[in-house]
Amino acid sequence: MPELPEVEIIRQSLDKKIKQKKVKKVIIRNRNLRLKIPLYFATFLEGQKIINVKRFSKYIILYLSNKSYCLLHLGMSGTVHIISKRKKNSITNTSFYSSPILPKLHNHVEIIFENLKVIYNDPRRFGFFQIIKNLNLLKKKFANLGPEPFQSEFNLEYISSFFKGKKKNIKNFLLDQNFVSGIGNIYASEILFLSKINPIREAHLIQKEECKKLMINSRKVLISAIKKGGSSIKDFKNTSGNKGNFQKNFKVYERNGLNCKRFNCNGIIQKKTISNRSTFFCNICQI
DNA sequence: AAGAGGCCCTGATAGC
DNA sequence: TGCTATCAGGGCCTCT
């Protein structure tokens, strides 16, 4: 499901809701994610205060008070729900959570705080939690990831030297997290459209001027997607269950057969499978 | 070493 | 209605 902007939206609400709060209880309903949730996971987290909620690439990083970290990756279908606890029902004397729409089947983990709980739900199970015991191991975990588009390391020099001698197509490079972190299948197509670059072009043939466009448009697309609350094409929802809005701004993604949105371009958006991922582009203005 | 392809998994939808 | 095939926002592993 989520690329960098969607993960950032989730990070922001977690930051607002659980920072400086103490984990009261953790319930594991299903340990089977891409990495099996370890048996010590619940007791490890219980009693920890969430010092900070950060993000790198598509990973959410919970800073714990015992100086370790809890990583969360959402894979393709992971969602996070934050549910506030209501006051005790005076008749039945039970407290309950407001959770009308939540599909219960794939709730893997519940992290319970004083007044709210965080639920992780993941039908396809490509996501995972991971405890990282110290800063060194955290650095090691991210050592092979390339910079995010916003970082100064993602500059013209870096991009053009990375492409030297590489025959792989440019679209696959945007998806390659060792080259640049955070771009996924939707935004790769959008970035290439804005940069007027055909997705199947070999990387070593990309001109310097085009590298500059890739740099600028990668930042532009991700930032405006964050501003719009992310993209919801199937089931992405923020932690309150609301959809994002950036899908309304898609220029090419899922627009195959429709007119190119570029001013004065008569192209029709094409759909092509590249390395088993759908790719969308205009065959006239993307050269 | 670089790059292509398979695979992990469930659910929604399309086509017959 | 009910079957089967295909596809989905990610990333890791293996093979050549």
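On a predicted model such as this, the values are computed, not experimentally measured, just so you know.

Engineer: What is the right way to look at the overall build of chain A in this model?
Structural biologist: A count of helices and strands for chain A gives seven helices and 10 strands. Its C-alpha atoms give chain A a radius of gyration of 21 Å, near enough to 19 Å, the size a compact globule of 287 residues would have. Across the 287 residues of chain A, 52% fall into the buried class. At a minimum sequence separation of 6, the contacts of chain A that also span at least 24 residues come to 63%. Accessible surface, chain A as shown: approximately 14,500 Å² in total, 51% of it carbon and sulfur. The centroid of the 54 positive side-chain charges in chain A is displaced by 5 Å from the centroid of its 18 negative side-chain charges.

Engineer: Could you clarify how one ought to interpret the packing of aromatic side chains in this entry?
Structural biologist: In this structure the tally under the stated criterion is 20 aromatic pairs. Among the aromatic residues, ring-to-ring pairing joins Phe154, Tyr158, Phe162, Phe163, Phe173 and Phe179 into one connected group. The side chain of Lys166 reaches across the aromatic face of Phe162, ending 4.3 Å from its centre. Lying across the ring of Phe173, Lys168 places its NZ or CZ 4.6 Å from the centre.

Engineer: Please clarify how the sheet that holds strand E4 (residues 69–73) should be interpreted in this entry.
Structural biologist: Each strand in a sheet pairs with its neighbour through backbone hydrogen bonds, running either in the same direction (parallel) or in the opposite one (antiparallel). Taken together, the four strands give an open sheet; going across it, the order is E2-E3-E4-E8, and neighbouring strands pair in antiparallel fashion. At either end of the open sheet lies a strand with only one pairing partner, and these are strand E2 (50–56) and strand E8 (128–132). Going across the sheet, the axis of each strand differs from the next one's by a mean of 20°, ignoring polarity. Sheet analysis places E4 next to E8, joined by five bridges and oriented antiparallel. Paired with His73 across the strands is Phe128, a residue of E8.

Engineer: I tried to follow the state of the cysteines on my own but got confused; where do I start?
Structural biologist: Throughout this description, disulfide means a covalent bond between two cysteine sulfur atoms. Under the counting rule described, the total for this entry stands at zero disulfides. Free cysteine Cys285: the closest other cysteine sulfur is in Cys282, separated by 3.6 Å. Given the relative accessible area of 10%, Cys285 is considered buried.

Engineer: Looking at this structure, how should I read the domain arrangement of chain A?
Structural biologist: Interfaces are often described in size by the accessible area the parts lose on coming together. For chain A, the domain assignment lists domain 1 (4–142) and domain 2 (156–282). For domain 1 and domain 2, the distance between their C-alpha centroids amounts to 30 Å. At the interface, 16 residues of domain 1 touch 17 residues of domain 2. Between domain 1 and domain 2 lies a buried interface of about 1,400 Å² when both sides are counted; carbon and sulfur atoms form 65% of it. Summed over the shared surface of domain 1 and domain 2, the result is zero salt bridges. In this assembly, domain 1 and domain 2 are joined by eight residue pairs in polar contact (both at pLDDT 80 or more).

Engineer: I tried to follow the protein's contact with DNA strand B on my own but got confused; where do I start?
Structural biologist: Around DNA strand B, a shell composed of Leu105, His106, Pro123, Arg124, Arg125, Phe126, Lys166, Lys167, Lys168 and Asn172 is seen. Here, DNA strand B places atoms within 4 Å of the protein, and 59% of those atoms are sugar or phosphate. Within the backbone of Pro123, a nitrogen or oxygen atom sits 3.3 Å from a sugar or linking oxygen of DNA strand B. With respect to DNA strand B, the backbone of Lys167 contributes an N or O atom lying 2.5 Å from a phosphate oxygen.

Engineer: Looking at this structure, how should I read the side chain of Glu148?
Structural biologist: Structurally, Glu148 can be placed in the loop between helix H3 (135–142) and helix H4 (156–163). Here Ser57 takes part through its backbone nitrogen, which lies 2.6 Å from a polar atom of the side chain of Glu148. Residues in contact with Glu148, not counting those within four places in the same chain, are Leu4, Arg55, Phe56, Ser57, Phe154, Val180 and Ser181.

Engineer: Just checking my understanding: could you explain the sheet that holds strand E1 (residues 25–28) for this structure?
Structural biologist: A sheet is described by the order of its strands in space; here four strands give the open sequence E1-E6-E7-E5, paired in antiparallel fashion. Pairing within the sheet leaves two strands with one partner each, and these edge strands are E1 and strand E5 (79–84). When the angles between neighbouring strand axes are averaged without regard to direction, this sheet yields 15°. Here E1 runs beside strand E6 (residues 107–112); their pairing, made up of four bridges, is antiparallel.

Engineer: Would you mind showing me how to read the nonpolar core here?
Structural biologist: Looking at soluble globular proteins, one finds that nonpolar side chains tend to be buried together. Counting 39 residues, the largest nonpolar core has Phe163, Phe179, Tyr187 and Leu214 as its most contacted members. Taken together, the elements giving at least two residues each to this core come down to helix H1 (4–18), H4, helix H5 (170–175), helix H6 (185–194), helix H7 (208–227) and strand E10 (277–282). Residue contributions to this core peak at seven residues, all from H7. Excluding anything up to four places from it in sequence, Tyr187 contacts Glu3, Pro5, Glu6, Val221, Leu222, Ala225, Gly230, Ser231 and Phe246. Counting 30 residues, the second-largest nonpolar core is a separate cluster that includes Val26, Cys70, Ile82 and Ile111.

Rules of the game
- Residues numbered from 1 in each chain as written.
- Chains lettered and ligands numbered in written order.
- Predicted model: local features only at pLDDT ≥ 70, side-chain atom pairs only at ≥ 80, totals over all residues.
- Heavy atoms only, no water.
- Helix = DSSP H or I, 4+ residues; strand = E, 2+ residues; numbered from the N terminus.
- Rg over C-alpha atoms; globule rule 2.2 N^0.38 Å.
- Buried < 20%, exposed > 50% of the residue type's maximum accessible area, 1.4 Å probe, protein only.
- Contact = heavy atoms within 4.5 Å.
- Areas by Shrake-Rupley, 256 points an atom, 1.4 Å probe, with all protein chains shown as cover.
- Lys, Arg positive; Asp, Glu negative; His and termini not counted.
- Charge placed at Lys NZ, Arg CZ, Asp CG, Glu CD.
- Phe/Tyr/Trp six-rings, centres within 6.5 Å; stacked < 30°, edge-to-face > 60°.
- Lys NZ or Arg CZ within 6 Å of the ring centre and 35° of its normal.
- Pairing = 2+ DSSP bridges.
- Axes fitted to C-alpha atoms, helices over the stretch in contact; angles between N-to-C directions.
- Disulfide = S-S within 2.5 Å.
- Domains from an automatic or database assignment.
- Buried area = accessible area lost by both parts, 1.4 Å probe.
- Salt bridge = Lys/Arg side-chain N within 4 Å of Asp/Glu carboxyl O.
- Polar contact = N/O pair within 3.5 Å; in protein donor to acceptor, adjacent residues only side chain to side chain.
- Near = heavy atom within 4 Å.
- Core = buried A, V, L, I, M, F, W, Y, C linked by side-chain atoms within 4.5 Å.

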